[in-house]
Amino acid sequence: MDLTYTAQEEEFRAELRGWLKRVLPGLPQRPDPLDWPGRRAYDTTWQRMLYDAGYADLQREATPTQHLIFLEETERAGAPYVGANFVGLLHAGPTIAAEGTAEQRERWLPPILRGDEVWCQGFSEPDAGSDLASLRTKAVRDGDHYVVTGSKIWTSHAEVADWCELLVRTTPVTPDTPKHKGITWLGMPMDAPGITVRPLRTLAGSTEFAEMFLDEVRVPVAHRVGAENDGWRVTMVTLSFERGTAFVGEVVACRRTLAAVARAAQANGTWDDPAVRRQLGRLNAEFMTLWRLTQWNVSEAQRTGGVPGVGGSVFKLRYSHARQELYDTAADVLGPDAYDVGHDWTLDRLSSLSYTIAAGTSQIQQNIVAERILGLPKGR
């Protein structure tokens, strides 16, 4: 498989790099990382700048390789990340583009791309985390609406969101019906009556996650993406984007952090420890390999119609652990300063603890790799 870039793709890279060099110096100061309303305003302002410059529509109009170049160059330039609209731009938006009707694409995609509307993710529940198919939030059909009752947890960016990609159960589980057969994917407006959001505070003090309680919330049937009870298949499309391409920019960021950790080690003397040098060298090889795997996954997605495949699970599984190892190594280099929560690496280390859980636990990814790639029998 050819992983090199074409002349046209390199031309796109040069144009993007030039635009970033012109506009980034004029950006306002970044808000406090714990101020999510402020971060929403900052992130959506940047998204509008991308839209006005013609770069926001990469999710729909560009090839997966051009999207990869965009993520690579914006991260290398230190441009703002998608931030508060992570779910809209990297999960819900691509899913709607792939599975939505023409009317849904027209209604939802332009506001996402302009930064006008922010989405959150309503998948996990208190009793349905890794076993997502066991979710209990139910939706009962009432004419042109579903009446939704239940609760969600770890709802990403719910406190600043306008819409939620919501999984509900539209058919009860029976002994004769697989539990994943009765699930439906809905787009739920977050200002609908009956929604209560309670932010959850992380170890780092941030509140990007929330509990969400739904008390007979009415969601139009027209907001259903895919057929009723076909939500599990649609969800696999969402998760393929989440695991396959959503972390691409973070690989570039980790490579930049790794270089900074190496410079810090050389400056404070920890570089003299052969164990530290050996770990930094191994991590450098690890992230180079992950980048090549990313290129392969994107190339495969381009060949098969734009939706990442199960190779995304291989990437997500290894990346989650490599990120944790990177910040553990950074802590070794920092020494006592690793306990200073004012240091970016300390906050990133706390955040990295969630990566082996978020977007499907490492155990779930191992099952996917074993069953869908290696062809091993399902566990009982």
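This text follows the structure it describes.
Residues numbered from 1 in each chain as written. Predicted model: local features only at pLDDT ≥ 70, side-chain atom pairs only at ≥ 80, totals over all residues. Heavy atoms only, no water.

Peer 1: What am I meant to see in the overall build of the protein here?
Peer 2: In terms of regular secondary structure, the protein is built from twelve helices and eight strands. A burial count over the protein gives 49% of its 380 residues as buried. For the protein, the share of sequence-separated contacts (at least 6 apart) that also reach a separation of at least 24 residues comes to 75%. Put simply, the protein shows about 17,900 Å² of open surface, and 52% of that area lies on carbon and sulfur atoms. (Helix = DSSP H or I, 4+ residues; strand = E, 2+ residues; numbered from the N terminus. Buried < 20%, exposed > 50% of the residue type's maximum accessible area, 1.4 Å probe, protein only. Contact = heavy atoms within 4.5 Å. Areas by Shrake-Rupley, 256 points an atom, 1.4 Å probe, with all protein chains shown as cover.)

Peer 1: Can you help me understand helix α5 (residues 86-99) in this one?
Peer 2: Helical geometry note: an α-helix holds 3.6 residues per turn, so side chains three or four residues apart project in the same direction. When the terminal C-alpha atoms of α5 are compared, their 19 Å separation across 14 residues agrees well with the 20 Å that a helix rising 1.5 Å per residue should span. A maximum bend of about 40° is found in α5 at Ala92, where proline Pro94 lies one to four positions downstream. Most of α5 is tucked away: eleven of the 14 residues are buried. Where α5 is concerned, the buried positions are Phe86, Val87, Gly88, Leu89, Leu90, His91, Ala92, Gly93, Pro94, Thr95 and Ile96. (Expected span 1.5 Å × (residues − 1). Bend = angle between axes of the 7 residues up to and from the residue.)

Peer 1: Explain the pairing of strand β5 (residues 183-189) to me, please; I cannot follow it from the model alone.
Peer 2: Side chains on a regular strand alternate between the two faces of the sheet. Here β5 lies mainly inside the structure; seven of its seven residues are buried. Burial along β5 is two-sided: Ile183, Trp185, Gly187 and Pro189 and Thr184, Leu186 and Met188, pointing in opposite directions, are all buried. Relative to β5, strand β4 (residues 163-169) is paired through seven bridges, and the arrangement is antiparallel. Within β5, the residue paired with Glu165 across the bridge is Gly187. One ladder, built from two bridges, connects β5 with strand β8 (residues 224-225); its direction is antiparallel. Residue Leu186 lies in a different strand from β8, and its bridge partner there is Arg224. (Pairing = 2+ DSSP bridges.)

Peer 1: Can you help me understand the packing of aromatic side chains in this one?
Peer 2: Each pair of aromatic rings is reported with the distance of its centres and the angle of its planes. Counted according to the given criterion, the structure contains seven aromatic pairs. With a centroid separation of 5.5 Å and an interplanar angle of 75°, the aromatic rings of Trp108 and Trp163 are classed as edge-to-face. On the criterion of sequence distance, the pair formed by Trp108 in helix α6 (residues 102-114) and Trp163 in strand β4 is long-range, its members being 55 residues apart. With respect to class, Trp108 is no different from Trp163; both count as buried. An aromatic cluster of at least three residues, connected via ring pairs, comprises Phe12, Trp19, Trp46 and Tyr55. (Phe/Tyr/Trp six-rings, centres within 6.5 Å; stacked < 30°, edge-to-face > 60°.)

Peer 1: Can you help me understand the packing of helix α2 (residues 36-53) against α6 in this one?
Peer 2: Two packed helices can be described by the angle between their axes and the distance between those axes. The N-to-C vectors of α2 and α6 enclose an angle of 105°; their axes lie 7 Å apart at closest approach. By the angle between their axes, α2 is roughly perpendicular relative to α6. Along its contact with α2, which presents Thr44, Gln47, Arg48 and Tyr51, the element α6 presents Ile112, Leu113 and Arg114. Partitioned by chemical class, the residues of the contact of α2 with α6 number three nonpolar, two polar and two charged. (Axes fitted to C-alpha atoms, helices over the stretch in contact; angles between N-to-C directions. Parallel < 35°, antiparallel > 145°, perpendicular 65-115°, else oblique. Nonpolar A, V, L, I, M, F, W, Y, C, P; charged D, E, K, R; others polar.)

Peer 1: Hey, could you run me through the packing of helix α1 (residues 7-23) against α2 in this one?
Peer 2: Two numbers describe how α1 lies on α2: the axes approach to 13 Å, and their chain directions differ by 135°. Overall, the two elements α1 and α2 adopt an arrangement that is oblique. Both α1 and α2 take part in a crossing whose hand is right-handed. Taken together, the residues of α2 that come into contact with α1 (itself represented by Trp19, Leu20 and Val23) are Trp46, Met49, Leu50 and Ala53. Grouping the constituent residues of the contact of α1 with α2 by class yields seven nonpolar, no polar and no charged. (Left-handed = near helix turned anticlockwise from the far one by under 90°.)

Peer 1: Please explain α6 as it appears in this structure.
Peer 2: With 13 residues, α6 extends 18 Å from end C-alpha to end C-alpha; this agrees with the ideal 18 Å at 1.5 Å per step. The largest bend in α6 comes to about 25°, at Trp108, with the proline Pro110 one to four residues further on. What α6 keeps buried is the set Gln104, Trp108, Leu109, Pro110, Pro111, Ile112 and Leu113. Positive phi appears at Gly115, one or two residues downstream of α6, with a value of about 85°.

Peer 1: How do you make sense of the nonpolar core when you look at a structure like this?
Peer 2: It is characteristic of soluble globular proteins that their nonpolar side chains tend to be buried jointly. Ranked by internal contacts, the top residues of the largest apolar core, which has 40 residues, are Trp19, Trp46, Trp119 and Trp185. Put simply, the parts of the chain that give this core at least two residues each are α1, α2, α4 (64-76), α5, α6, β4, β5 and α7 (231-244). For this core, the leading source of residues is α5, giving six residues. (Core = buried A, V, L, I, M, F, W, Y, C linked by side-chain atoms within 4.5 Å.)

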